[in-house]
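Here's the letter readout for the chains.
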Amino acid sequence: DVKVTQSSRYLVKRTGEKVFLECVQDMDHENMFWYRQDPGLGLRLIYFSYDVKMKEKGDIPEGYSVSREKKERFSLILESASTNQTSMYLCASSFLEGQGPYEQYFGPGTRLTVT
Amino acid sequence: EDKVVQSPLSLVVHEGDTVTLNCSYEVTNFRSLLWYKQEKKAPTFLFMLTSSGIEKKSGRLSSILDKKELFSILNITATQTGDSAVYLCAFTRSSGTYKYIFGTGTRLKVLA
């Protein structure tokens, strides 16, 4: 079974703190993704990566950065957390097109509250 | 601009009913459409459709894609309370990006 794990299920941080969300997948997937999910807005892509050290901005990258130093690990960084970054954060991974099943596999999510 | 629209936004049915969820899309270089079920936690994969007119089935769930009219439907027959969830559809493009574009979902509640 594909397993995507996220470092925390629930996280509470203060405004201005630097926040690290970690995601690890064990299926040797090339693609990894970070989304945030908010009521009424659905899943919105923050960043994705298709290879080690490669990254591309998604639809809402402002206020976030990412790091992918190893294939299995993709980190989301909130440089200076703000209250409007309170959300559910979902990590996902998939094979490259043509390399395997193309559906995304999701981690359990991290519910981040910024106070 | 690419977009995905799901309807209805929410739905309440009784156990045993049949439901049809809709997903329409506008996208350049369409490659595939995917359906996910999301309960309390992360979305879980249901179907991926790439060819028009070919139905995919898994138990009481089935889905079909119409690439001419740019929509997909997800059918659930003999609904059970365990089918209560948010159902998401997403599409991928055939070139240029690895992004998945998600709709906002249909919230289904099945009453006993």
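Glancing now at the environment of Gln37 of chain A. Topologically, Gln37 of chain A is positioned in strand β4 (residues 31-38). Residues contacting Gln37 of chain A, with those up to four places away along its chain left out, are Gly42, Leu43, Ser87, Met88 and Leu90 of chain A together with Gln38 of chain B.

A separate point is the state of the cysteines. This structure, assessed with the given rule, holds two disulfides over all chains. Disulfide partner of Cys23 of chain A: Cys91 of chain A, at an S-S distance of 1.8 Å. When the S-S torsion is -75°, as for the bridge of Cys23 of chain A with Cys91 of chain A, the disulfide is left-handed. Of this pair, Cys23 of chain A sits in strand β3 (residues 19-25) while Cys91 of chain A sits in strand β9 (residues 87-94), placing them 68 residues apart in sequence. A single burial state applies to Cys23 of chain A and to Cys91 of chain A, both of which are buried. Between the sulfur atoms of Cys23 of chain B and its disulfide mate Cys89 of chain B the distance is 1.9 Å. Where Cys23 of chain B bonds to Cys89 of chain B through sulfur, the torsion about that S-S bond is close to 75°, and the disulfide is right-handed. Taken together, the positions of Cys23 of chain B in strand β3 (residues 19-26) and Cys89 of chain B in strand β9 (residues 85-93) put the pair 66 residues apart, joining distant regions of the chain. Across the pair, exposure class does not vary: Cys23 of chain B and Cys89 of chain B are buried alike.

Of all hydrophobic cores here, the largest spans 23 residues; its most connected members are Tyr25, Phe30, Leu33, Trp35, Tyr87, Phe91 and Leu108 of chain B. Mapped by element, the contributors of at least two residues to this core are β3, β4 (30-38), β5 (44-49), β7 (61-66), β8 (71-76), β9 and β11 (106-111) of chain B. With residues near it in sequence (within four places) discarded, Phe30 of chain B still touches Tyr25, Leu49, Thr50, Leu65, Lys67, Phe91, Thr92 and Ser94 of chain B. In this structure, Val19, Ala81, Cys91 and Val114 of chain A belong to the second largest nonpolar core, which totals 20 residues.

Conventions used here
Residues numbered from 1 in each chain as written. Chains lettered and ligands numbered in written order. Predicted model: local features only at pLDDT ≥ 70, side-chain atom pairs only at ≥ 80, totals over all residues. Heavy atoms only, no water. Helix = DSSP H or I, 4+ residues; strand = E, 2+ residues; numbered from the N terminus. Contact = heavy atoms within 4.5 Å. Disulfide = S-S within 2.5 Å. Buried < 20%, exposed > 50% of the residue type's maximum accessible area, 1.4 Å probe, protein only. Core = buried A, V, L, I, M, F, W, Y, C linked by side-chain atoms within 4.5 Å.

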